[in-house]
Amino acid sequence: MNKKIKIFLKKASLIDIFFILFFIIFLYIPISHINKSQFSIFEKRKLASKPQVIINNKINYNFGKDFDKWFNDRFFLRFQLLQLNTLIKFLLNKCLIFEQTVYIKKHNFFYASGDFGLYPDAKYQEIEKELYVNNLNKLNEYYIKNNIKLYLLIAPRRIDFFNYKIPYNTRIINEYGNKIITLLKEKTNVNIIYPIQEMQKENEYNLMYYKTDHHWTKKGAYIGYRELMKEIKKDFPNVTILQEDNLIKYYDNNVSESLNQTQHLGQSYINLALPLFLNKKILDTQYLYYKNPQNNFLKMYNYKYTTIYNDKIDNEFYYEKGLNKKVILIGNSFVGNLLEFLPYSFKYTLHLDDNDRLMNFSIYKKAIEEFKPDIIIINTNTNCLHNLLRIYN
């Protein structure tokens, strides 16, 4: 052994050696297991890219700053530290504001960023209003020429059912969204169903929206279905509206916005990535669920077709006892709970998922020509009304 090392070991105390070892380990831990993900689901943002010393044959003089950003986004146990930080804030604050989620402790209610409605710049509002009307009228003209009845079902904002005090504002008024809906009712011939009053009335007994998720509950979706079918029945008198009395009811504290009843804690709650021991405390509300005794008679098939944007597998339903008409249902994730009821009213129902297609008509035209529907239902919610601006984009 080197003499210098022997001398150092003789002179150094155990505390000094321990301190040095601890310091080396402490430095090593953050640089081990560097996170290679491109996106942080927890923070809803893209993580910094690995910096390069040479860019376009030139020295990157910002390498130090870029490396610091990259390392700070990716060091080992960073996610656990963020979780711990959120947990401390969660336990200490009556109202937690985190990224795109606001938590109200008193009511165990989570606001999501999309709960507050439409707020375009004032100078664009008049242009948008004209585009809303023109797009919907043009779309309806195409359907009329092809003997197709169009119905637009708009789910109200979730915040209209939870009037809890939030930071900076007691309640954000959805003035612009309501103006657009009123305008479309006045300036188009489309049958528009906006069941806010019916849902608010029912909300006194069973919640229309989940506390930990931005989707409507099964009960909320049923009210939307019921009000939609009342309008459809005016044009198709022989259609049957599925009655609640014919369904088996039960209650559960978890969230489900899908047809297959897959349950989870709620997207707004999951986004905070809080420890599991809080689940019982947070999920303190029971929601009404249904089982349909006729479920075994409903057949579901995959419907796949190619668009200029993507290949997608959608769902086609067949129900022998339904009205002998073909229906296409186009909508975002709110459609999931609507599908608990709608396919039992018609013999043929095709669901085209619009979560990432942004309501562009050209995407659906081929499917419409092949399926030859009698009825088309567009299901959206007030916060996503702006997708109607993209119908002919």
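Throughout what follows, the structure given in this document is the object of discussion. (Residues numbered from 1 in each chain as written. Predicted model: local features only at pLDDT ≥ 70, side-chain atom pairs only at ≥ 80, totals over all residues. Heavy atoms only, no water.)

Let us look at helix 12 (residues 361-371). For helix 12, the full list of buried residues reads F361, I363, Y364, A367, I368 and F371. Buried residues of helix 12, viewed axially, fall in a sector of 135°; they line one side. Backbone geometry just after helix 12 places K372 at a positive phi near 55°. (Buried < 20%, exposed > 50% of the residue type's maximum accessible area, 1.4 Å probe, protein only. Helix = DSSP H or I, 4+ residues; strand = E, 2+ residues; numbered from the N terminus. Arc of directions from axis to C-beta.)

Looking at the element boundaries, N337 is found in helix 11 (residues 335-338). For the pair N337 and W216, spaced 121 residues apart in the sequence, the C-alpha separation amounts to 7.7 Å. Not counting chain neighbours up to four residues away, the residues in contact with N337 comprise Y210, W216, T217, K218, A221, S256, E257 and S258. (Contact = heavy atoms within 4.5 Å.)

This part takes up the pairing of strand 8 (residues 149-155). A large share of strand 8 lies buried, amounting to six of its seven residues. Sheet analysis places strand 8 next to strand 16 (residues 375-381), joined by seven bridges and oriented parallel. Each bridged residue has a counterpart across the sheet, and for A155 the counterpart in strand 16 is N381. Where strand 8 and strand 9 (residues 191-193) come together, three bridges link them in parallel fashion. Note that in strand 9 the partner of L152 across the bridge is I192. (Pairing = 2+ DSSP bridges.)

Let's shift gears to the nonpolar core. With 46 residues, the main nonpolar core has Y209, W216, Y225, I232, F346 and I377 as its most contacted residues. Residues L136, L139, L150 and A367 belong to the second largest nonpolar core, which totals 38 residues. (Core = buried A, V, L, I, M, F, W, Y, C linked by side-chain atoms within 4.5 Å.)

What follows covers the pairing of strand 7 (residues 109-112). The two faces of strand 7 match: F109 and Y111 on one face and F110 and A112 on the other face are all buried. Note that strand 6 (residues 101-104) and strand 7 share four bridges and pair antiparallel. Residue pairing across strands places V102 opposite Y111, the latter belonging to strand 7. Linking strand 6 back to strand 7 in an antiparallel pair, the connection comprises four residues, with N108 at a positive phi of about 50°.

Empty space among the atoms becomes apparent when a probe as large as a water molecule is rolled across them. For the coordinates displayed, the defined rule picks out one cavity of 30 Å³ or more. The computed volume of the largest cavity comes to approximately 50 Å³. As for the largest cavity, its lining consists of L139, Y143, I330, M359, F361, Y364, I378 and I391. Looking at the lining of the largest cavity, the elements with two or more residues in it are helix 5 (122-145) and helix 12. Class assignment of the residues belonging to the lining of the largest cavity gives a composition of eight nonpolar, no polar and no charged. (1 Å grid on protein atoms, 1.4 Å probe; cavity = no way out; pocket = protein on both sides within 12 Å on 5 of 7 lines; lining within 4 Å. Points joined across faces, edges and corners; volume = space filled by probe spheres on them. Nonpolar A, V, L, I, M, F, W, Y, C, P; charged D, E, K, R; others polar.)

So, on to the environment of T86. Topologically, T86 is positioned in helix 4 (residues 78-92). Separated by 189 residues in the primary sequence, T86 and P275 have C-alpha atoms spaced 10.0 Å apart.

Our next topic: a nonpolar patch on the surface. There is a patch of nonpolar side chains on the surface, built from L81, L84, I88, L91 and L92 and spanning about 510 Å² of accessible area. Along the chain, L81 falls in helix 4. (Patch = residues over 30% accessible without salt bridge, like charges linked within 9 Å, V, L, I, M, F, W, Y side chains within 5 Å. Areas by Shrake-Rupley, 256 points an atom, 1.4 Å probe, with all protein chains shown as cover. Salt bridge = Lys/Arg side-chain N within 4 Å of Asp/Glu carboxyl O.)

Here the focus is the environment of Y348. Mapping Y348 onto the fold places it in strand 15 (residues 346-353). Y348 sits 23 residues away from F371 along the chain, and the two C-alpha atoms are 9.7 Å apart. Not counting chain neighbours up to four residues away, the residues in contact with Y348 comprise F317, Y318, N324, K325, K326, V327 and F371.

Moving on, we get to the side chain of R158. Among the secondary structure elements, R158 is positioned in the loop between strand 8 and helix 6 (175-187). The exposure class of R158 is buried, given its relative accessible area of 2%. A distance of 2.9 Å separates the side chain of R158 from the backbone oxygen of K211, its partner in a polar contact. Polar side-chain contacts of R158 include one of 2.8 Å to the backbone oxygen of D213. If sequence neighbours within four positions are ignored, R158 has contacts with F109, F110, Y111, A112, D115, Y209, Y210, K211, T212, D213 and H214. (Polar contact = N/O pair within 3.5 Å; in protein donor to acceptor, adjacent residues only side chain to side chain.)

One can find T212 in the loop between helix 7 (196-202) and helix 8 (218-235). A relative accessible area of 2% places T212 in the buried class. Not counting the four nearest positions on each side in its chain, T212 is found in contact with F110, R158, V255, L265, G266, Q267, S268, Y269, I282 and L283.

Take the packing of aromatic side chains next. This structure, assessed with the given rule, holds 19 aromatic pairs. Judged by centre distance (5.4 Å) and plane angle (50°), the ring pair of Y318 and Y348 falls under tilted. With a gap of 30 residues between them, Y318 in strand 13 (residues 311-319) and Y348 in strand 15 connect regions that are remote in the sequence. Taking relative accessible area as the criterion, Y318 reaches 23% and is therefore assigned partly exposed. Residue class for Y348 comes out partly exposed when judged on its relative accessible area of 27%. One aromatic cluster in this structure is built from Y142, Y143, F361 and Y392. If you follow K138 out to its NZ or CZ, it ends over the ring of Y392, 4.2 Å from the centre. Directly above the ring of F371 sits K326, whose terminal nitrogen or CZ lies 5.2 Å from the centroid. (Phe/Tyr/Trp six-rings, centres within 6.5 Å; stacked < 30°, edge-to-face > 60°. Lys NZ or Arg CZ within 6 Å of the ring centre and 35° of its normal.)

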